[in-house]
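These are the residues of each chain, in order.
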Amino acid sequence: MTSNFHILSAILNGPWLVSPDYAQAMLPWIASLYSGAGSVAAVPRSGYSSERPFIVAPRTGKRYEWNDTPPEGSVAVIPITGPITKYNGGCGEPGSIQRQSLVAEVDARSEIAGALYLYDTPGGQVSGTSSLANAIRNAKKQSVAYVDDGIAASAGMWFLSASTEAYVSQKTDQVGSIGAYTSLVNFSGYFEKLGIKVQEIYAPQSTDKNGSYRAAVEGNEDLIKQDLSVVVDSFINFVADRSPRARAAIDKWSTGKMFHAADAKKYGLHDGVLPMRGALQRVVTLNKSTTPSSSSNTKHTTMAFEQTLSAAQAEEFEVVEGGFLATEDQLNNVEAHITGLQTQLATSQDTVTAQGQQIQQLQSAATTSAATIQRLQTELKNKGKRDAVTFTNPELGAEDDAEAKEDPYAELRKAAFPNWQG
């Protein structure tokens, strides 16, 4: 009964980030749970044993239990499967809070290189989702998300976007459902059939208490939609931050649609199709090539990987120990890309050289112009001195006087020197 109460509280308390298909399929079970006819044991899950975290040594493929001591460079494998609740489930499966402690433990254990998160989940509660996603993204050690022949929907997509890189195992795998919704259940008719009349009484100060619920019951859903919008804005921005390609395609995936592997990769929601061993090796490679990283280092690593794929004109690379395995065509594409960049660089250098020469010519012309201005200013100053001497010469002969009367500057002198007697 305690387990039933726990899961019912999670279902009825607030919105969920979950695939609508899964939610609809669970409605009959939820109804039976509410009536007391069902139990948590009826939830279709793979069982806690398969959801328990474990450790793998990539070189040998040997599996270790979580509390064992594996060799250096091992990878922590943390499943995130089934519906995710904030607190541990009724069958013992870990909730978002417990999984945050696993993230911290990976960072603390020196023999673990990093984490691989295995996904097959329709999503889960809004509560706890953002905290776990932030813990994964801000971890000291880089991680890889891996959809294991299934889906990563809604809250699962939020978690998947937190890792440095994300891969799927099959072309039929699906990711997305980036959105949120809630179901409003009005039990008044149910209670009336039982002969129970429910009367809600609020304190006079509590005019806004349960305002969004009461408005929705009366047909106004605006307040609930506003609450959901806040959640979805954060969700969309978090996914967009996983890569430049995802942000560029934000209009394609932000409406709640699910995508198969090919379209999801095109829109930047994951990085390609890989076998499990390839995903494990990516964890080792990412953490071998960088020191414990900040989020900016994580974004740089992801961007460099995308640029390499773009240069090779490849959907994905086969991952081998220590790096990637590229085909001859892919290598030729990379070489052609590098040649093109070198040509662009040479052209840019020629342009810079030509512009530098133009600048020198302009500077030389400016220097010449400055010298010319200085010379003209000096001549003008000297000319003014000569005119002043002529104006004040008191000893003019008759001939000079006649020339002065014909001087075209006579009127100007009279205007400038009213006492002039010339």
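Residues numbered from 1 in each chain as written. Predicted model: local features only at pLDDT ≥ 70, side-chain atom pairs only at ≥ 80, totals over all residues. Heavy atoms only, no water.

**Focus on the overall build of the protein**
For the protein, the helix and strand inventory stands at 17 helices and twelve strands. Going through the 422 residues of the protein one by one, you find that 37% of them count as buried. For the protein, the accessible surface area stands at approximately 24300 Å², while carbon and sulfur atoms represent 54% of it. (Helix = DSSP H or I, 4+ residues; strand = E, 2+ residues; numbered from the N terminus. Buried < 20%, exposed > 50% of the residue type's maximum accessible area, 1.4 Å probe, protein only. Areas by Shrake-Rupley, 256 points an atom, 1.4 Å probe, with all protein chains shown as cover.)

**Quick notes on the packing of aromatic side chains**
Counting across every chain of the model gives three aromatic pairs. A centroid spacing of 6.2 Å and a plane angle of 50 degrees characterise the contact between Trp 158 and Phe 238, whose relative ring orientation is tilted. Taken together, the positions of Trp 158 in helix H6 (residues 155–160) and Phe 238 in helix H9 (residues 222–240) put the pair 80 residues apart, joining distant regions of the chain. What makes Trp 158 buried here is its relative accessible area of 5%. Given a relative accessible area of 9%, Phe 238 falls into the buried group. When the ring centre of Trp 66 is taken as origin, the NZ or CZ atom of Arg 109, which lies over that ring, is 5.5 Å away. (Phe/Tyr/Trp six-rings, centres within 6.5 Å; stacked < 30°, edge-to-face > 60°. Lys NZ or Arg CZ within 6 Å of the ring centre and 35° of its normal.)

**Digging into helix H5 (residues 129–137)**
For H5, every residue scored as buried is listed here: Thr 129, Leu 132, Ala 133, Ile 136 and Arg 137. Projected down its long axis, H5 shows its buried positions confined to an angular sector of 135 degrees, all on one face. (Arc of directions from axis to C-beta.)

**Examining the confidence of the model for the protein**
The predicted model of the protein averages 80 in pLDDT, with 71% of residues at 70 or higher. For the stretch residues 39–49, pLDDT sits under 50, and the model shows 26 contacts to residues farther than four places along the chain or on other chains. For residues 291–300, every residue scores under 50 in pLDDT, and the model assigns this stretch eight contacts once sequence neighbours within four places are set aside. (pLDDT = per-residue confidence, 0-100. Contact = heavy atoms within 4.5 Å.)

**Re the nonpolar core**
Counting 48 residues, the largest nonpolar core has Tyr 119, Leu 160, Trp 253 and Leu 269 as the members making the most contacts within it. If one sorts the elements of this core by residue count, H9 sits on top with seven residues. If sequence neighbours within four positions are ignored, Tyr 119 has contacts with Ile 80, Ile 136, Ala 145, Tyr 146, Val 147, Asp 148, Ile 151, Ala 152, Gly 156, Phe 159 and Leu 160. (Core = buried A, V, L, I, M, F, W, Y, C linked by side-chain atoms within 4.5 Å.)

**Regarding the pairing of strand E7 (residues 143–153)**
A regular strand places its side chains on the two faces of the sheet in alternate fashion. Most of E7 sits out of view: eight of its eleven residues are buried. The sheet contact formed by strand E5 (residues 112–121) and E7 spans six bridges and is parallel. Each bridged residue has a counterpart across the sheet, and for Thr 121 the counterpart in E7 is Ala 152. As defined by bridge partners, E7 adjoins strand E8 (residues 165–168) across four bridges and the pair is classed as parallel. Paired with Ala 145 across the two strands is Ala 166, which belongs to E8. Assessed by its sense of winding, the connection that carries the chain from E7 through H6 to E8 is right-handed. The sheet contact formed by E7 and strand E9 (residues 174–176) spans three bridges and is parallel. Along E9, the bridge assignment pairs Ala 153 with Gly 176. (Pairing = 2+ DSSP bridges. Right-handed = clockwise from strand over helix to strand, strands pointing away.)

**What about helix H4 (residues 96–108)?**
Here H4 contains 13 residues, and its C-alpha end-to-end distance of 19 Å stays within 8% of the 18 Å for a straight helix at 1.5 Å per residue. All buried positions along H4 are accounted for by Ser 96, Arg 99, Leu 102, Val 103 and Val 106. All buried residues of H4 fall inside an arc of 105 degrees around its axis, so they share one side. (Expected span 1.5 Å × (residues − 1).)

**Some thoughts on the pattern of salt bridges**
On inspection of all chains with the given rule, the structure shows seven salt bridges. With a closest N to O distance of 3.8 Å, Lys 225 and Glu 221 form a salt bridge. Judged by relative accessible area, Glu 221 falls into the partly exposed class, the value being 46%. Ionic pairing is found between Arg 242 and Asp 271, a salt bridge with its closest N-O pair at 2.9 Å. (Salt bridge = Lys/Arg side-chain N within 4 Å of Asp/Glu carboxyl O.)

**Here we look at the packing of H4 against H5**
Where H4 meets H5, the closest approach of the two axes is 9 Å, and the angle between their N-to-C directions is 10 degrees. By the angle between their axes, H4 is roughly parallel relative to H5. Residue-level inspection shows Ser 96, Arg 99, Gln 100 and Val 103 of H4 in contact with H5, the latter providing Ser 131, Leu 132, Ala 135 and Ile 136. (Axes fitted to C-alpha atoms, helices over the stretch in contact; angles between N-to-C directions. Parallel < 35°, antiparallel > 145°, perpendicular 65-115°, else oblique.)

**Describing a nonpolar patch on the surface**
Residues Tyr 190, Leu 194, Ile 196 and Val 198 make up a contiguous nonpolar surface patch of roughly 370 Å² in combined accessible area. In this fold, Val 198 is placed in the loop between helix H7 (188–193) and helix H8 (211–217). (Patch = residues over 30% accessible without salt bridge, like charges linked within 9 Å, V, L, I, M, F, W, Y side chains within 5 Å.)

**Side note on unusual backbone geometry**
Of note, the phi angle at Asp 149 is positive, near 55 degrees, even though the residue is not glycine. Along the chain, Asp 149 turns up in strand E7. Of note in this structure, Ser 154 is not a glycine but carries a positive phi near 50 degrees. In this structure, Ser 154 sits in the loop between E7 and H6.

**Description of the side chain of Arg 109**
Among the secondary structure elements, Arg 109 is positioned in the loop between H4 and E5. According to the relative accessible area criterion, Arg 109 is buried, its value standing at 13%. Here Asp 68 takes part through its backbone oxygen, which lies 3.0 Å from a polar atom of the side chain of Arg 109. (Polar contact = N/O pair within 3.5 Å; in protein donor to acceptor, adjacent residues only side chain to side chain.)

**Some thoughts on the environment of Arg 63**
As for its placement among the helices and strands, Arg 63 is situated in strand E3 (residues 62–65). Separated by twelve residues in the primary sequence, Arg 63 and Val 75 have C-alpha atoms spaced 9.8 Å apart. Residues in contact with Arg 63, not counting those within four places in the same chain, are Phe 54 and Ile 55.

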